[in-house]
Each structure stands twice: as structure tokens, then as C-alpha cells.
Amino acid sequence: MQNNLLGSLKEHQNKLLTTWSQLLQANGSTDGATEEEESKEFAALLLDALQHSNGNTNSQEFERVNDLLIGISSSRGRRGFSPRENAQYLITFKEAASKILSEIEPESSKLYDANLQLSTLLDNMTILTFESYMKGREDVIARQIDEISEISTPVIRVWDGVVALPIIGTLDSSRTQVVMENLLQQIVDTGSSIAILDISGVPAVDSLVAQHLIKTVSATRLMGAECIISGIRPEIAQTVVHLGIDLTGIITKASLASALQTAFDMLQLTVVKRK
């Protein structure tokens, strides 16, 4: 890339910033002082790169520009800007730079080449802002999924020696791992000898879900505790039979109340109603 003309933008940095700021305000793509400082830093770093990188967009100068741009994109995203507005941020810079270039070098062929080079560079940077925005959103979603999994698998100590884990929603491999970890840790913390898995909130049980439940029961037994599965609705019972799933040796109950009564019987406890 012959970037001598682009490099000359550095000499007109203040005018470029003023033009860029006016375009941002006209498009409503700015939010004041914070963005003004970001824009100054970005423009200074990019113009330095254009002046000193000899056209090598893989140089350290451009790596610093890209790193800064990712940071600005993330910052704007946290402040409520959309991907489109982030793209507009660079598009307006390109418009401002193109306007300055036309004043510096009105000769058509040189101006055309410089604008083409500038467009290629900033278009790639625009793609970078989209990628960083999507990665940021994916990180947020992944973190929220983990937090929801933690919230949706609470282990409750219902009595001395008895814990219960109501499961709501579908069990998959990753969630089963969270269920196991939470349940086993609670068994250790409370010294419980009986754990109740209540699947009343599980919409359907297929062979995969059943296998996850069996694994959880096995892990619980390895910790020295007995496991009771409650919430076996008629439709779930029929599904288990049709699929040929073997739950032999696992205590199952229709309701959490029945499971709790069974747990009391196993612990030789009696609940007496006061008269």
C-alpha cells in the first residue's frame, strides 16, 4: 500500500477530529465527553500507524490500533450503543478522512487510490467491531447461563439428614454436572444420608434424561447417601416403561411429600401433629 497521501492526514489531525465530531453529532452516534477522548486517542494512533507503518496493516502499530478499537467497541457496547452505531462510528471517520483527503490532493487518480486504501482498512476494522461485539455478547450469555444453572439447581436442607433438589427444566450433560456438584457438596456440608431428587418440574423424561438421573443417583450412593426420585407423574412412568429404562434399585415416589415420608421412615422418624 502506498500510504504517503494517507500519512499526510496526520498533519491535519485537528481538522479531521473536528469534521469527524460534527458528523458523529449529526448522526446521533456520540455521547459526549467520554467518546471525545476515545476518538482523539483512536485518531492519533491510527494516523501514526498510517504515517509510520509503510502500509503494513500487520505491523505493531496497526495491532495497537485494533486493540484500542476493540476496547472502544466494548466500552460503547456497555454504554448502550448497537453494532450498527459502532459501525457508524468508523463510517463517519472514513467520511471525514475522505473529505480532508480531497482538500489535500484534488488530483483524481491519487485521491481514488487513497480512498480505496482507506475504505479497505476501515471496512476491515468495522468487521472487527462486529466480531468483538458478538464475542462480548456471547461471553455475557455464557455467564448468564452459568448463573441461571446455579440458581435453578438449589439444594434444600428439608430436615436433619435429608436434602432435596427440585429440578426444573430439561437435564442435559452440562446441567447434570452442576446438579451433581451442588448435591454432593451439600451432602458433605450437611452430613445428610438421604437426598431427594424431585423431577416434578421436568417436562419430559427420555432415555438421555434418565441416564443423567441414574448417574446422579450413583454418584450420591458413592458418597454414602441414599437417593429418592420423586415427582414421577403417570406420563413419565409410561415413558420410562416404553423406553425400557431400568430404574431397579432406585426408590421412586409420585410426590415430594411421599418421598419425604419415606425418608422419615428410613431415618426412623415420626412426625406427630399437635392436638
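1. Description of the environment of S98
Okay, step 1: Inspection of the secondary structure assignment puts S98 in helix α5 (residues 83-104).
Okay, step 2: Looking at S98, the relative accessible area reads 24%, which means it is partly exposed.
Okay, step 3: S98 sits 92 residues away from L6 along the chain, and the two C-alpha atoms are 9.7 Å apart.
Okay, step 4: If we ignore the near neighbours within four places in the chain, the residues touching S98 are N115 and L118.

2. Topic: the confidence of the model for the protein chain
Okay, step 1: Confidence along the protein chain averages 84 in pLDDT terms, with 93% of residues attaining 70 or more.
Okay, step 2: Ranking the elements of the protein chain by mean pLDDT puts helix α1 (residues 4-7) last, at 76, and strand β4 (residues 226-230) first, at 94.

3. Comments concerning the sheet that holds strand β3 (residues 194-201)
Okay, step 1: Taking strand neighbours across the sheet as the criterion, the 5 strands line up as β1-β2-β3-β4-β5 in an open arrangement whose pairing is mixed. Of all strands in the sheet, those bounded by a partner on one side alone are β1 (156-159) and β5 (251-252).
Okay, step 2: The strands that helix α10 (residues 256-266) touches are β1, β2 (162-168), β3, β4 and β5; relative to β4, the one it contacts most, it runs at about 155 degrees.

4. A short note on the packing of aromatic side chains
Okay, step 1: For the structure shown, the criterion picks out 6 aromatic pairs.
Okay, step 2: Note on W20 and Y89: the rings are 4.9 Å apart at their centroids and 55 degrees apart in plane angle, and the pair reads as tilted. Taken together, the residues W20 in helix α2 (residues 13-27) and Y89 in helix α5 connect sequence positions 69 residues apart.
Okay, step 3: Judged by relative accessible area, Y89 falls into the buried class, the value being 2%.

5. A closer look at the pairing of β3
Every other side chain in a regular strand lies on the same face of the sheet, so the side chains alternate between the two faces.
Okay, step 1: Most of β3 is tucked away: 6 of the 8 residues are buried.
Okay, step 2: Where β2 lies against β3, 6 bridges are found, and the strand directions are parallel. Bridge pairing in β3 places V162 opposite I194.
Okay, step 3: Sheet topology places β3 next to β4; 5 bridges connect them, and they run parallel. Among the inter-strand pairings, L197 is bridged to a residue of β4, identified as I229.

6. Points about the pattern of salt bridges
Okay, step 1: For the coordinates displayed, the defined rule picks out 8 salt bridges.
Okay, step 2: A salt bridge links E103 to K15, with the nearest nitrogen and oxygen atoms 2.6 Å apart. Here E103, found in helix α5, pairs with K15, found in helix α2; they are 88 residues apart in sequence, far enough to count as distant.
Okay, step 3: A residue is classified by how much of its surface remains accessible, and E103, at 43% relative accessible area, is partly exposed.
Okay, step 4: Of the residues examined, K15 reaches a relative accessible area of 43% and is grouped as partly exposed.
Okay, step 5: Salt-bridge contacts for E226 lead to R221; the nearest nitrogen and oxygen are separated by 3.3 Å.
Okay, step 6: Since its relative accessible area comes to 23%, E226 is described here as partly exposed.
Okay, step 7: Owing to a relative accessible area of 35%, R221 belongs among the partly exposed residues under this scheme.

7. Thoughts on the environment of T19
Okay, step 1: Mapping T19 onto the fold places it in helix α2.
Okay, step 2: A relative accessible area of 11% means that T19 is categorised as buried.
Okay, step 3: When the C-alpha atoms of T19 and I229 are compared, they prove to be 69 Å apart, with 210 residues separating the residues in sequence.
Okay, step 4: In contact with T19, other than residues within four places in its own chain, are A96, K99 and I100.
Okay, step 5: A polar contact is formed between the side chain of T19 and the backbone oxygen of K15, at a distance of 2.9 Å.

About the criteria used
- Residues numbered from 1 in each chain as written.
- Predicted model: local features only at pLDDT ≥ 70, side-chain atom pairs only at ≥ 80, totals over all residues.
- Heavy atoms only, no water.
- Helix = DSSP H or I, 4+ residues; strand = E, 2+ residues; numbered from the N terminus.
- Buried < 20%, exposed > 50% of the residue type's maximum accessible area, 1.4 Å probe, protein only.
- Contact = heavy atoms within 4.5 Å.
- pLDDT = per-residue confidence, 0-100.
- Pairing = 2+ DSSP bridges.
- Axes fitted to C-alpha atoms, helices over the stretch in contact; angles between N-to-C directions.
- Phe/Tyr/Trp six-rings, centres within 6.5 Å; stacked < 30°, edge-to-face > 60°.
- Salt bridge = Lys/Arg side-chain N within 4 Å of Asp/Glu carboxyl O.
- Polar contact = N/O pair within 3.5 Å; in protein donor to acceptor, adjacent residues only side chain to side chain.

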